[in-house]
Amino acid sequence: MICHVNTGVCDGIQGKLVVVETDVTRGLPNFTIVGHPSQIVSESKERIRAAVSNSGFMYPRNRVVVNMWPAELRKTGSHLDLPIAMGILGAGSCVDTEIMEKVGMLGELSLDGSTTRVDGVLPIVMCLREQGIRTIFVPDENYWEAVQGGRQGIIPVRSLRECFAVLQEMSNGEKPDICIPEKRNISLAGQSEKEISFDDVRGQSLIKRGMAIAAAGRHGILMVGSPGCGKTMLARRLRTILPPMTRKEMLETTMIYSAAGLLGETSAVTQRPYRSPHSTIGRAGLLGGGAYPVPGEISLAHNGVLFLDELPEFSPGIIDGLRTPAEDLEITHFRQGRAYRFPSDFMLVCAANPCKCGYLGDKTRECTCSQADIERYQKRLSGAMLDRIDIHVRMERVEYSQFSRGLVDIEQGISSEEMKRWVDTAGRFRIDAGRNRPPGRMDDDDLLGAAEMDDETDKLFHKAFDSLALTPRTGMKVLRIARTIADMDESREIRFQHLSEALIYRPSEVF
Amino acid sequence: MGENMKIIRLDRDSPDFPVSLLEIPRAPKRLYCVGDISLLSGRCAAVVGSRRHTIYGKQVAMMIGRMLAENGITVVSGMAKGIDSFAHQGALMPENGKTIAVLGTAIGKAYPASNQKLMDEIEKRGLVISEYPPDFPGSSYGFPARNRIISGLSQVTIVVEAGLNSGSLITAQIAGEQGRTVYAVPGNINSQFSIGTNLLIRDGASPLVVIEDVVREMGVEPSGIVGTDDESLESSMGEDEVAIYRLVRGEQGLTPDQIGSRSGLPVSKVNGILTVLEIKGAITTSSGRIFLGHI
């Protein structure tokens, strides 16, 4: 007798339907798995044999053949344990195979037959749903992750035995007895931070305003300043003023984390991710890749913030690779003749020292670089990637006197609330004006269509080209920023004060 | 080198060989020149300084270069990056300003290459000289060696900005040995870019406090006003612009944040005003700090 069980595997970050067929026939006792299994799946034989016997079932003393299709898809992951074990029970006529064909399941088994948590649950559940499978069994530890796409029909099971029992009840037409596990609130590894906000940053109005503009228009931002001037501190706080994640965004990002095996004990990514890879990171680490592609930092920062500290220390080739994904908002890897698409809609925040030693232009410390050092360093910065970054800000260290004064009579500068309000206003105004993409993501034609100016402002723009040495490219950047500032000000046209403010954040060659 | 330019070779016995160079020790055997060689016998002042510089050094170098040129004095420098280049640029600002670039490398080739444009301009309107022929491969001794020509050609040598190990200190020393007057531009005593010039003053160089002094020393009664008339500039500004412009005039090198907190204006407004002032040429920015834009 042949039994079909629906399950799935993660292919990249996409779930793919896999059907496990099990046949138990007469012959010498044997257990064969075919259909492009990985080593992990081949090893599962021993676990399954033990789990089945230890759950009180009779392991068939016959020839067991398991086939998984589609055959060309590589099957990997220990979550195939449960479907294979249930397939054996079904083929041995212990379970109603008609019911089995209508449900989906996944889960790893331990030797005593209990289920354990696995990675990549959400993408598979979403895929099974799309295939019209209404009832899906998942390990109870994965329950809260699996329900991110909707609660209906997700059945948590603690063991092979329980899975079997629920199926029995279903075939008898009874309402299955389901025990929903308690929800635990654990934040994502590495993302758990105590409450932070821009209120922790004293002074620094120029960059705070720049950050708010960046957040409102989804612009890339580059901070240049001496060590210790607070670049990292500011970058970490950017996501606190971004609008909260929508359900769709949460789902997308959770899928990526789930497939990458980074969810850990968490059930979902509910806060915008903040990723800050070290400058020694390789190509695959940043952009994603590998023989069986896994998402890189740019995809892990999807719907969040990607912070590249010490930008000139990154390998120029790798940074150059950021261009396409930053423009297309996704990256495609080609492996084994197939295309793997990973979303990568991140906000780019970069930081750099003004020179090799870091103290060029600093008031208190001497720069020890030679002129040639400085030029070489700045040349690394002025490459292709800078073209993608709209907002450029030179930062100053807060002097101690200012700092200590701040502790007493608190010169707060711009508050976090105010920044959030600017971002919200800009977002609302833009949607009301019928523009879907934020200015930082608009293409040039759309931007020009949304950049009406009066004569005075137009004159300023032309003058700026001459006296501030703008190029067509930097001019477009300034226009983008000006559009965002106008949105923050709820103005349909770009006015004089919007454009003149935008100009201070223009890219300039000299730091 | 420009297409129509030709190299003129002046040997020591040539009538055009500058007399001022004949009298110095280790005088060059010959000079290769491109441009107007009559400048060699005119009134010359050297303006030198280090490659690394502050915005102060840049402003002063351009101001001195322009002032001297406006009074018919030829500005001699080494066409290196930084102060040297600014001195040449300043000298070329008046329409008939004259300047001589003394290269430490082969004639006809710009060094550093980024100064190609400047060299073309000097060849056309001034003079470029070198004691090295066009096929000279270049060497490290070329640079200090040309310093004796820079100071030798000039009655006065002005050092604008120099750190402790700057090559322009060598020029000053040689100028002293050649019996020329040395001026040094004083700087803040805590600025690493002015340690050299301040030490020169301690050791007996004349502090350059008023540029007219140099012009008079050269035997010319100074004319021409350097600098922009603040009042006419201010009359084109709005109220807030004037307030911020005055802040910058009061203390150069402020950051936009400092200007914001001193003027009490919101950052968005300060940002806008600063760029408008920059477009008007009233201010300039460097390393995120604001300086006066005019000299």
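Everything quoted here is computed from the prediction, not taken from an experiment.

Take the environment of Ile124(A) next. Residues and elements named next belong to chain A. Its location among the elements puts Ile 124 in helix 4 (residues 121-130). Between the C-alpha atom of Ile 124 and that of Gln 14, which follows or precedes it by 110 residues, the distance is 7.5 Å. Look past the residues within four positions of Ile 124 in its chain and what remains in contact with it is Gly 8, Cys 10, Gly 15 and Leu 106.

This paragraph deals with unusual backbone geometry. Geometrically, the link from Trp69(A) to Pro70(A) is a cis peptide bond, its omega value of 5 degrees lying close to zero. Within the secondary structure, Pro70(A) is located in the loop between strand 4 (63-69) and helix 2 (81-91). Residue Pro112(B) is bonded to the preceding Tyr111(B) through a cis peptide linkage, with omega at -5 degrees. When you line up the elements, Pro112(B) lands in the loop between strand 5 (99-102) and helix 4 (116-125). At Gln336(A), a residue that is not glycine, the phi angle is positive and equals roughly 45 degrees. Looking at the element boundaries, Gln336(A) is found in the loop between strand 13 (330-335) and strand 14 (338-343). With 10 C-beta atoms counted inside 10 Å, the residue Gln336(A) sits in the exposed group. With a phi angle near 55 degrees, Glu490(A) is a residue other than glycine that sits in the positive phi range. By the secondary structure assignment, Glu490(A) is in the loop between helix 19 (472-488) and helix 20 (496-504).

Residue and element names in this part refer to chain A. Running from N to C, helix 4 and helix 9 (residues 247-259) point in directions that differ by 120 degrees, and their axes come no closer than 7 Å. Taken together, helix 4 and helix 9 sit at an angle that is classed as oblique. Between helix 4, through Val 121, Leu 122 and Pro 123, and helix 9, the contact on the second element is made entirely by Thr 254, Met 255, Ser 258 and Ala 259. Of the residues contributing to the contact of helix 4 with helix 9, the split by class is five nonpolar, two polar and no charged.

Parameters and conventions
- Residues numbered from 1 in each chain as written.
- Chains lettered and ligands numbered in written order.
- Predicted model: local features only at pLDDT ≥ 70, side-chain atom pairs only at ≥ 80, totals over all residues.
- Helix = DSSP H or I, 4+ residues; strand = E, 2+ residues; numbered from the N terminus.
- Contact = placed C-beta atoms within 7 Å.
- Buried ≥ 20, exposed ≤ 12 C-beta atoms within 10 Å, placed from the backbone.
- Axes fitted to C-alpha atoms, helices over the stretch in contact; angles between N-to-C directions.
- Parallel < 35°, antiparallel > 145°, perpendicular 65-115°, else oblique.
- Nonpolar A, V, L, I, M, F, W, Y, C, P; charged D, E, K, R; others polar.

By themselves, these figures tell us nothing about what the structure is for.
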